[in-house]
Amino acid sequence: MVFVSSLTPPEPPKTTALQNLVAQPHRLFFFAGVVQGVLFVALLGLHYAGLLSLHVSVGLYHAYAMTFIVFTQFFAGFLLTTFPRYLSRPSASPKEYLPIAWLMNGGGLLFIALSFVSEMALVAPMLVIMAGYVKLCLLLLEFQTKSTVTNKVDTTWMLRAFALGLVGQLLFIANLFIPAYALALGVSFYLYLFFIVLIVSQKMMPFFAANTIIGYTMNKSKHFLLLVFVALVLKVVLEALSMNAFVADSALFGIITYELLKWRLPFRKSPAILWVLFLSIWWVPVGFGLFVVQDFSALVGHSIYLEKSPLHALALGYFTTVLVGFGTRVILGHSGRTPKADAYAVTLFGLIQAMALIRIIAGIFPQFGYLHAVLTVAVLWIVIFGLWSKRYIHILFEK
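Keep in mind that what you see is a predicted model, and the values were worked out from it rather than measured.

Undergrad: Teacher, can you tell me more about the overall build of the protein here?
TA: For the protein, the helix and strand inventory stands at 14 helices and zero strands. Taken over the C-alpha trace, the protein has a radius of gyration of 22 Å; the compact-globule value for 399 residues is 21 Å, and the two agree within 12%. A burial count over the protein gives 53% of its 399 residues as buried. Per element, the accessible surface of the protein, about 17800 Å² overall, is 70% carbon and sulfur. Counting 25 positive and 12 negative side-chain charges, the protein places the averaged centre of each group 9 Å from the other.

Here it is as structure tokens:
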């Protein structure tokens with residue numbers, strides 16, 4: 001005789017949308033990065049349009065905020081998800097990463113508020129943000145030190161880049177008291193921001209291709225990152241000393257272009273979610289190629305001023321495409337969906353390329369409506385992340 005219990009198993013406790021958002025690091029930090037990115041760019045656009053006035057230098061506001069409040073949050077979400085996997089460690093718990101998020105975002109909102117007061121007032125939010133950043137670095141370092149994985153080359157380079165990011169933050173704070181902006185920008189942008197994105201790219205892009213495309217094999221140079229790092233250090237030092245960086249920029253252009261050709265990334269055979277990533281990294285030779293043109297023209301006495309075009313080729317063309325590409329892949333993959341880029345997503349990637357081109361052209365030909373181009377780029381940034389959020393952000397709040 002079979003007895004069937006009349007008792008039904010209890011339903012699992014229901015979770016709120018907010019609980020779902022903070023349940024995984026990529027959810028919380030991606031959401032915060034989008035919100036902060038839209039806020040900072042919107043205020044910057046309003047400042048350029050003359051509709052409000054920031055009481056801080058635009059360079060400090062733009063460079064510091066986008067580096068350490070916006071892009072760093074996306075890195076935090078991505079690396080707190082993937083770092084444990086790289087090192088065969090358990091995932092970070094909410095009690096470990098929630099304080100990081102509160103400090104970074106609380107400091108970010110305070111940074112916005114005090115930008116209407118004075119530059120000196122920014123010391124307080126920058127210290128709060130740095131406290132969150134230090135906690136993030138220590139958490140990543142803990143994964144590294146407790147891991148028994150033998151190959152830690154890439155994660156070691158990532159930690160070095162994060163350490164240099166801390167140096168960059170200290171230099172930005174020092175710049176409020178003594179002139180240190182050029183060095184602060186160089187260390188933060190090249191040795192931290194660019195280098196982190198490049199490390200992740202060279203680790204993941206060939207790996208994705210090898211696991212997706214039959215017959216593709218990875219062909220990476222053993223000392224690629226070391227050579228790039230040395231050239232980046234040389235570039236930062238030369239620019240901080242107001243010297244021509246032709247040698248460093250030429251080295252970076254040559255080393256990275258050679259490496260990308262060596263990878264032979266299979267554009268035509270790859271699905272859209274991959275080839276958009278492959279496209280993004282080719283903005284790097286474009287950026288350093290523009291630097292070489294600018295440097296060489298100065299050497300021969302016919303200076304061609306490209307304003308911030310080379311830098312924005314990297315920041316908008318490379319960083320932003322990678323950010324949206326990896327972000328989309330992580331959100332879909334960690335929600336049980338198949339990572340793919342449909343026509344809607346490909347259109348967003350196309351808009352990012354258009355945004356980068358507009359900003360590059362504005363720097364090369366400022367006489368043809370520079371201000372209008374900058375405002376157009378600001379609007380496009382908000383539109384792109386608005387449309388991206390419309391499609392993907394709700395997933396972050398699902399169970």
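Undergrad: It is not clear to me how the packing of helix α11 (residues 283-299) against helix α12 (residues 309-333) should be interpreted in this structure. Could you clarify?
TA: Helix-helix packing is characterised by the crossing angle of the two axes and by the distance between the axes. Following both chains from N to C, one finds α11 and α12 inclined at 170°, their axes separated by 7 Å at the closest point. Classified by the angle between their axes, α11 and α12 sit roughly antiparallel to one another. Here W283, V284, V286, G287, F288, L290 and F291 of α11 lie close against α12, whose contacting residues are S309, P310, L311, A313, L314, G317 and Y318.

Undergrad: Explain the packing of helix α9 (residues 246-263) against α11 to me, please; I cannot follow it from the model alone.
TA: Packing of α9 against α11 leaves a shortest axis separation of 9 Å and a crossing angle of 150°. Between α9 and α11, the crossing angle belongs to the class labelled roughly antiparallel. In the crossing of α9 with α11, the sense of the turn from one axis to the other is left-handed. Counting all contacts with α9, which are made through F246, D249, S250, L252, F253, I256, T257 and L260, the residues of α11 involved are V284, P285, F288, G289, F291, V292, D295, F296 and L299. Across the contact of α9 with α11, the residue classes break down as twelve nonpolar, three polar and two charged.

Undergrad: Looking at this structure, I do not really get the packing of aromatic side chains. What am I missing?
TA: Each aromatic ring pair is described using two quantities: the centre-to-centre distance and the angle formed by the ring planes. This structure, assessed with the given rule, holds 42 aromatic pairs. Ring geometry for F71 against F319: centres 5.9 Å apart, planes inclined by 80°, an arrangement best described as edge-to-face. On the criterion of sequence distance, the pair formed by F71 in helix α3 (residues 58-86) and F319 in helix α12 is long-range, its members being 248 residues apart. Taking 6.0 Å as the distance between ring centres and 40° as the angle between the ring planes, the aromatic pair formed by F288 and F291 counts as tilted. Of this pair, F288 and F291 both sit in helix α11, three residues apart, which is roughly one turn of the helix. Comparing F288 with F291 shows no difference in burial state: the two are buried. Here the basic side chain of K235 rests over the ring of F291, its NZ or CZ set 3.7 Å away from the ring centre. Between the NZ or CZ atom of R391 and the centre of the ring of Y392, over which it lies, the distance is 6.0 Å.

Undergrad: Can you walk me through helix α14 (residues 370-396) in this structure?
TA: Working note: α-helix, 3.6 residues per turn, so residues spaced by three or four point in the same direction. Its 27 residues place the ends of α14 37 Å apart at the C-alpha level, agreeing with the 39 Å of an ideal helix rising 1.5 Å per residue. Maximal helix bending in α14 amounts to about 50°, located at K390.

Undergrad: Where do I start with the side chain of S270 in this structure?
TA: Residue placement: S270 occurs in the loop between α9 and α10 (272-281). Classification of S270 by relative accessible area gives buried; the value is 8%. A polar contact of 2.5 Å, which involves the side chain of S270, links it to the backbone oxygen of P266. Not counting the four nearest positions on each side in its chain, S270 is found in contact with I213, W275 and F278.

Undergrad: Explanation requested: the pattern of salt bridges in the structure shown.
TA: A side chain of one charge can pair with a side chain of the opposite charge when the charged atoms of the two come close. On inspection of all chains with the given rule, the structure shows seven salt bridges. For E239, the salt bridge identified is with K235, shortest N-O distance 2.6 Å. With a gap of four residues between them, E239 and K235 both fall in helix α8 (residues 224-240), about one helical turn apart. By relative accessible area, which is 30% here, E239 ends up partly exposed. On the basis of relative accessible area, K235 is assigned to the buried category, the value being 0%.

Undergrad: Sorry, what's going on with the nonpolar core here?
TA: One recurring pattern in soluble globular proteins is that nonpolar side chains are buried together. With 139 residues, the main nonpolar core has F162, F194, Y318 and F319 as its most contacted residues. If you tally residues by element for this core, the top one is helix α7 (residues 181-212), at 19 residues. Once you skip the residues sitting within four places of it in the chain, Y318 turns out to touch F194, V197, L198, S201, S280, I281, W283, V284 and A313.

Undergrad: Looking at this structure, I do not really get the environment of P339. What am I missing?
TA: Among the structural elements, P339 can be located in the loop between α12 and α13 (343-364). Judged by relative accessible area, which is 30%, P339 ranks as partly exposed. Along the chain, P339 and G325 lie 14 residues apart, while their C-alpha atoms are 10 Å from each other. Excluding residues that lie within four positions of it along the chain, P339 makes contacts with I273, R329, L332 and G333.

Undergrad: Looking at this model, I keep getting lost on a nonpolar patch on the surface. Mind explaining?
TA: Residues L357, I361, F365 and F368 make up a contiguous nonpolar surface patch of about 440 Å² in total accessible area. Among the secondary structure elements, F368 is positioned in the loop between α13 and α14. A relative accessible area of 65% places F368 in the exposed class.

What counts and what doesn't
- Residues numbered from 1 in each chain as written.
- Predicted model: local features only at pLDDT ≥ 70, side-chain atom pairs only at ≥ 80, totals over all residues.
- Heavy atoms only, no water.
- Helix = DSSP H or I, 4+ residues; strand = E, 2+ residues; numbered from the N terminus.
- Rg over C-alpha atoms; globule rule 2.2 N^0.38 Å.
- Buried < 20%, exposed > 50% of the residue type's maximum accessible area, 1.4 Å probe, protein only.
- Areas by Shrake-Rupley, 256 points an atom, 1.4 Å probe, with all protein chains shown as cover.
- Lys, Arg positive; Asp, Glu negative; His and termini not counted.
- Charge placed at Lys NZ, Arg CZ, Asp CG, Glu CD.
- Axes fitted to C-alpha atoms, helices over the stretch in contact; angles between N-to-C directions.
- Parallel < 35°, antiparallel > 145°, perpendicular 65-115°, else oblique.
- Contact = heavy atoms within 4.5 Å.
- Left-handed = near helix turned anticlockwise from the far one by under 90°.
- Nonpolar A, V, L, I, M, F, W, Y, C, P; charged D, E, K, R; others polar.
- Phe/Tyr/Trp six-rings, centres within 6.5 Å; stacked < 30°, edge-to-face > 60°.
- Lys NZ or Arg CZ within 6 Å of the ring centre and 35° of its normal.
- Expected span 1.5 Å × (residues − 1).
- Bend = angle between axes of the 7 residues up to and from the residue.
- Polar contact = N/O pair within 3.5 Å; in protein donor to acceptor, adjacent residues only side chain to side chain.
- Salt bridge = Lys/Arg side-chain N within 4 Å of Asp/Glu carboxyl O.
- Core = buried A, V, L, I, M, F, W, Y, C linked by side-chain atoms within 4.5 Å.
- Patch = residues over 30% accessible without salt bridge, like charges linked within 9 Å, V, L, I, M, F, W, Y side chains within 5 Å.

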